[in-house]
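Letter by letter, the chains look like this.
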Amino acid sequence: MSVELNHTIVAAHDNEESARFYQSLFGFEYAGPLGHFAPVRIENQALTLDFITRESFERQHYAFKVSETEFDEIFARVKEQGLAYGSGPFTPDDGEINHWNGGRGVYFRDLNGHLLELLTRDYTAEQFQDD
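Residues numbered from 1 in each chain as written. Predicted model: local features only at pLDDT ≥ 70, side-chain atom pairs only at ≥ 80, totals over all residues. Heavy atoms only, no water.

Undergrad: Please clarify how the nonpolar core should be interpreted in this entry.
TA: A general tendency of soluble globular proteins is for nonpolar side chains to be buried together. Core analysis: the biggest nonpolar cluster contains 28 residues, and Y22, F26, L49, F51, F64, F108 and L118 have the highest contact counts within it. At the level of secondary structure, the elements contributing two or more residues to this core comprise β1 (7–12), α1 (15–26), β3 (37–41), β4 (48–53), β5 (61–65), α2 (68–80), β7 (105–109) and β8 (115–119). With five residues, the single largest contributor to this core is α1. Ignoring any residue separated from it by four or fewer positions in sequence, one finds F26 in contact with F64, I74, R77, F108, L116 and L118. (Core = buried A, V, L, I, M, F, W, Y, C linked by side-chain atoms within 4.5 Å. Buried < 20%, exposed > 50% of the residue type's maximum accessible area, 1.4 Å probe, protein only. Helix = DSSP H or I, 4+ residues; strand = E, 2+ residues; numbered from the N terminus. Contact = heavy atoms within 4.5 Å.)

Undergrad: Please explain the environment of F64 as it appears in this structure.
TA: Within the secondary structure layout, F64 lies in strand β5. Note on F64: relative accessible area 11%, which makes it buried. With 31 residues separating them in the primary sequence, F64 and P33 have C-alpha atoms 23 Å apart. With residues near it in sequence (within four places) discarded, F64 still touches Y22, F26, F28, I42, L49, L116, E117, L118 and L119.

Undergrad: Even after reading the chapter, I still don't get the pairing of β4, so can you show me in this structure?
TA: Summarising burial for β4: five of the six residues are buried, a large majority. By the bridge criterion, six bridges tie β1 to β4 in an arrangement that is parallel. Paired with V10 across the bridge in β4 is F51. Direction of pairing for β3 relative to β4: antiparallel, over a ladder of five bridges. In the strand pairing of β4, P39 is matched with D50. (Pairing = 2+ DSSP bridges.)

Undergrad: Whenever I open this one, the sheet that holds β4 confuses me. Can you help?
TA: The strands making up a sheet associate through hydrogen bonds between their backbones, and the pairing can be parallel or antiparallel. Strand order in the open sheet made by the four strands is β1-β4-β3-β2, with mixed pairing throughout. Of all the strands in the sheet, just β1 and β2 (29–30) have a single pairing partner and so form its edges. Examined bridge by bridge, β2 and β3 share two bridges and lie antiparallel to one another. Considered in β3, the bridge of E29 is made with R41.

Undergrad: Is there a simple way to explain the packing of α1 against α2 in this structure?
TA: Two quantities define a packed helix pair, namely the angle between the axes and the distance from one axis to the other. Contact geometry of α1 with α2 gives a least axis separation of 8 Å together with a crossing angle of 125 degrees. By the criterion of interaxial angle, the relationship of α1 to α2 is oblique. Contacts between α1 and α2 involve S24, L25 and F26 on the former and, on the latter, I74, R77 and V78. Split by residue class, the contact of α1 with α2 holds four nonpolar, one polar and one charged. (Axes fitted to C-alpha atoms, helices over the stretch in contact; angles between N-to-C directions. Parallel < 35°, antiparallel > 145°, perpendicular 65-115°, else oblique. Nonpolar A, V, L, I, M, F, W, Y, C, P; charged D, E, K, R; others polar.)

Here you go:
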């Protein structure tokens, strides 16, 4: 058997509003609530993000590797929705994207303050070496 991540629970102020946000931004499948969760399925994976309503929670970081075409499509929706975006995890609102490792990347926050990242290339050990 191969090990596969099946789901992760994502705290939200409003689970259904968050599921619909991810559905509209990323195109993830949302078929409605499942018990007290609002799960969105990531296409071509068994992975779901199971949103659960919580009054308070720590903000998390979720990174999504996408193709160049998907980057263009999702980034266009980020801008259409007027979301602040930036080039790094400590500059998520500088209005820039990065070109790390020969790819493109961008950071922005969801409705709950979670930091989301789009990247088109995997990170490498070389990019983290001190010069």
